[in-house]
Every structure is written in C-alpha cells, then in structure tokens.
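Spelled out from the first residue to the last, the chains are:
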Amino acid sequence: MRKGTLYVFTGPSGAGKGTVLSRLLSEDEKLFFSISATTRAPRPGEKDGVQYYFLTKEDFEAKIAANAFLEHAKYVDNYYGTLEAPVNEKLEEGCDVILEIEVQGAMQVHEKRPDAVMVFIAPPSFEELANRLRGRGTEDEAKVQKRLETAKGELAQQDKFDYVVVNDTVERAVEELHGILAKRR
Ligand code: ADP
Ligand code: 5GP
C-alpha cells in the first residue's frame, strides 16, 4: 500500500496558517492534522487534545528525554513539539499528514525526513502580519512584539521551502494549497 505524504506548513504567527489549514482540512478528508504538544496556556475555548496537548514543562521535558518528538522547539517563551508515533502510524495507514509548526521545528523535520513537502505560508506584508496578529486578540502587546520580532527571522528563511504561498485572501491561498496537494498525489 502507498504510504502517506508528510506536509510541513510553517510561517510566522498571524500569517493565517490555522485559518487556511482548517479550510483545507474541511475540504479534503484524506488529510490528517497532527495535534502538537505545548507548554503554553490554553486560550479561551481551546481544549486539551483538540488544538494541542497542553503539557507542563516537566511533562514536556520528560517526553524530550524519552525521544517522543519528531521535532520540538522553544518558540517565544514555550515549548512546542510534534509527537512522532501518531504521525508514523497515519503515514503507514496511507494518510497524508499535516504538521503546522514554526520554522526551527520545520527545519528539523526537513533534516530527518527529506521527503517531507515543505510549505511556507507568508503574509502579504509585514504590516498586514502585525494587523492580523493584533486583530486576533489572543496575545497582549508584549507577546505580540515578541512574536513579530521572531517573525523577522522566520520570514528571512522562506527561500528554504519547496513552496511559498502568500495568504492574501483565504480563498485564493486554499486554492493554491489544493493545487500543491493535487500535484504531489
Ligand atoms: P496563524 O495560525 O498563522 O498564527 P491565524 O490563522 O490565527 O494565523 O490568523 C491570524 C488572524 O488573521 C486571524 O484573526 C484570522 O482570522 C486572520 N486572517 C487569516 N487569514 C486572513 C486573510 N487572508 N485575510 C485577512 N485576515 C486573515
Ligand atoms: P500558537 O501559540 O500561536 O498556537 O503557536 C505559536 C507557534 O508555534 C506557531 O508558529 C505554530 O505554528 C507553532 N507550533 C505549533 N505546534 C508546533 C509544534 O509541534 N512544533 C513546533 N516547532 N512549532 C509548533
């Protein structure tokens, strides 16, 4: 049986990764979204095991020590990581697996799994990125500033990716992503 393809989606916080991926996932039932682990606190409405597995720092570090992560990184003030076992299981079943992760983690996956398809979701401009991040209203201004500072370094790495998709409108970006998946299949 054909194994699934691993897709890595990255891009700065506020670019719209979550928005375009939730559309893509709702329109393509063959995709499996990998639920990450994190030490950041849940936002209002977020549930453990749905958006993330919310772990304490101690639990997260125990999983690092147990080699449970395909990749993990410190982003701003928290750990984020992809648990390897469920990803392998789904790929073996023939599902295409989507990781939505930040850039350091994406580069780790690229090293470990050279056949992973690497997609960078870019904002139309830095100014629009800042507007979207502030408009989302999930972080206070100090955290927004840290994320935007991190974004500068992330944006500088987009040429390392197989595809750069500018999220100008959700409609158009999702169309382009469907095109990438179709070509790879
Ligand atoms: P990310 O997952 O990359 O951090 P989100 O998907 O949370 O980003 O999007 C950040 C904010 O920008 C959200 O408020 C979302 O509704 C908005 N947004 C996403 N895509 C677009 C778009 N194409 N045009 C305008 N606003 C967008
Ligand atoms: P947020 O706190 O906004 O949910 O996520 C912050 C950043 O962490 C985003 O860029 C998101 O893509 C990234 N992220 C989410 N899950 C993972 C993961 O498992 N690994 C890594 N490296 N980054 C992740």
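Use the structure listed above.
About the cut-offs
- Residues numbered from 1 in each chain as written.
- Chains lettered and ligands numbered in written order.
- Predicted model: local features only at pLDDT ≥ 70, side-chain atom pairs only at ≥ 80, totals over all residues.
- Heavy atoms only, no water.
- Salt bridge = Lys/Arg side-chain N within 4 Å of Asp/Glu carboxyl O.
- Helix = DSSP H or I, 4+ residues; strand = E, 2+ residues; numbered from the N terminus.
- Buried < 20%, exposed > 50% of the residue type's maximum accessible area, 1.4 Å probe, protein only.
- Contact = heavy atoms within 4.5 Å.
- Polar contact = N/O pair within 3.5 Å; in protein donor to acceptor, adjacent residues only side chain to side chain.
- Near = heavy atom within 4 Å.
- 1 Å grid on protein atoms, 1.4 Å probe; cavity = no way out; pocket = protein on both sides within 12 Å on 5 of 7 lines; lining within 4 Å.
- Sits in = over half its atoms within 2 Å of the grid points.
- Nonpolar A, V, L, I, M, F, W, Y, C, P; charged D, E, K, R; others polar.
- Areas by Shrake-Rupley, 256 points an atom, 1.4 Å probe, with all protein chains shown as cover.
- Core = buried A, V, L, I, M, F, W, Y, C linked by side-chain atoms within 4.5 Å.

Trainee: Explain the pattern of salt bridges here, please?
Mentor: Side chains carrying opposite charge are able to pair once their charged atoms draw close together. Evaluated as defined, the whole model comprises 19 salt bridges. With a shortest N-O distance of 3.2 Å, lysine 3 and glutamate 92 are connected by a salt bridge. On the criterion of sequence distance, the pair formed by lysine 3 in the segment before strand E1 (6-10) and glutamate 92 in helix H3 (residues 84-92) is long-range, its members being 89 residues apart. For arginine 113, the salt bridge identified is with glutamate 84, shortest N-O distance 2.7 Å. Taken together, the residues span a long stretch of sequence, with arginine 113 in the loop between helix H4 (103-112) and strand E8 (117-122) and glutamate 84 in helix H3 at a distance of 29 residues. Here arginine 113 and glutamate 84 have matching classes, each one buried. The network of salt bridges with shared partners includes Arg2, Asp28, Asp96 and Arg185.

Trainee: Would you explain the environment of aspartate 162 in this entry?
Mentor: Relative to the assigned elements, aspartate 162 resides in the loop between helix H6 (141-155) and strand E9 (163-166). Look at aspartate 162 and you get partly exposed, because its relative accessible area is 42%. Considered as a pair, aspartate 162 and valine 76 are 86 residues apart in the sequence and their alpha carbons are 26 Å apart. In this view, aspartate 162 contacts Ala116, Val117 and Met118; residues no more than four positions away in its chain are not counted. Among the polar contacts listed, one links the side chain of aspartate 162 to the backbone nitrogen of methionine 118, at a separation of 2.9 Å.

Trainee: In this structure, what is going on with the site of ligand 2? I would like to understand it.
Mentor: In the vicinity of ligand 2, 17 residues are found, and the nearest of them are Ser36, Arg40, Tyr52, Tyr80 and Glu100. At 2.6 Å, a side-chain N or O of tyrosine 80 approaches an oxygen atom of ligand 2. Residue glycine 81 places a main-chain N or O atom 3.0 Å away from an oxygen atom belonging to ligand 2. At a threshold of 2 Å from the grid points, most atoms of ligand 2 map onto the largest pocket. Secondary-structure elements contributing two or more residues to the shell around ligand 2 are strand E5 (69-75) and strand E6 (78-83). A class-by-class count of the residues in the shell around ligand 2 yields 5 nonpolar, 4 polar and 8 charged.

Trainee: Please clarify how the site of ligand 1 should be interpreted in this entry.
Mentor: Within the structure, ligand 1 sits among 14 residues, and Gly14, Lys17, Gly18, Thr19 and Arg136 are positioned closest to it. The fraction of the free accessible surface of ligand 1 (570 Å²) that becomes covered by protein chains is 73%. Among the cavities detected, the one that contains ligand 1 is the largest pocket. For the shell around ligand 1, the secondary structure elements donating two or more residues are helix H1 (17-27) and helix H5 (126-136).

Trainee: Just checking my understanding: could you explain the nonpolar core for this structure?
Mentor: Side chains of a nonpolar character, in soluble globular proteins, are inclined to be buried together. Counting residues in each nonpolar core, the largest one holds 24 residues, and the members touching the most others are Phe9, Leu24, Val119, Ile121, Val165 and Leu177. For this core, the secondary structure elements donating two or more residues are E1, H1, E8, H5, H6, E9 and helix H7 (170-184). Top contributing element to this core by residue count: H7, with 5 residues. Those residues in contact with valine 119 that sit more than four places away from it in its chain are Val8, Phe9, Thr10, Phe161, Tyr163, Val165 and Leu177.

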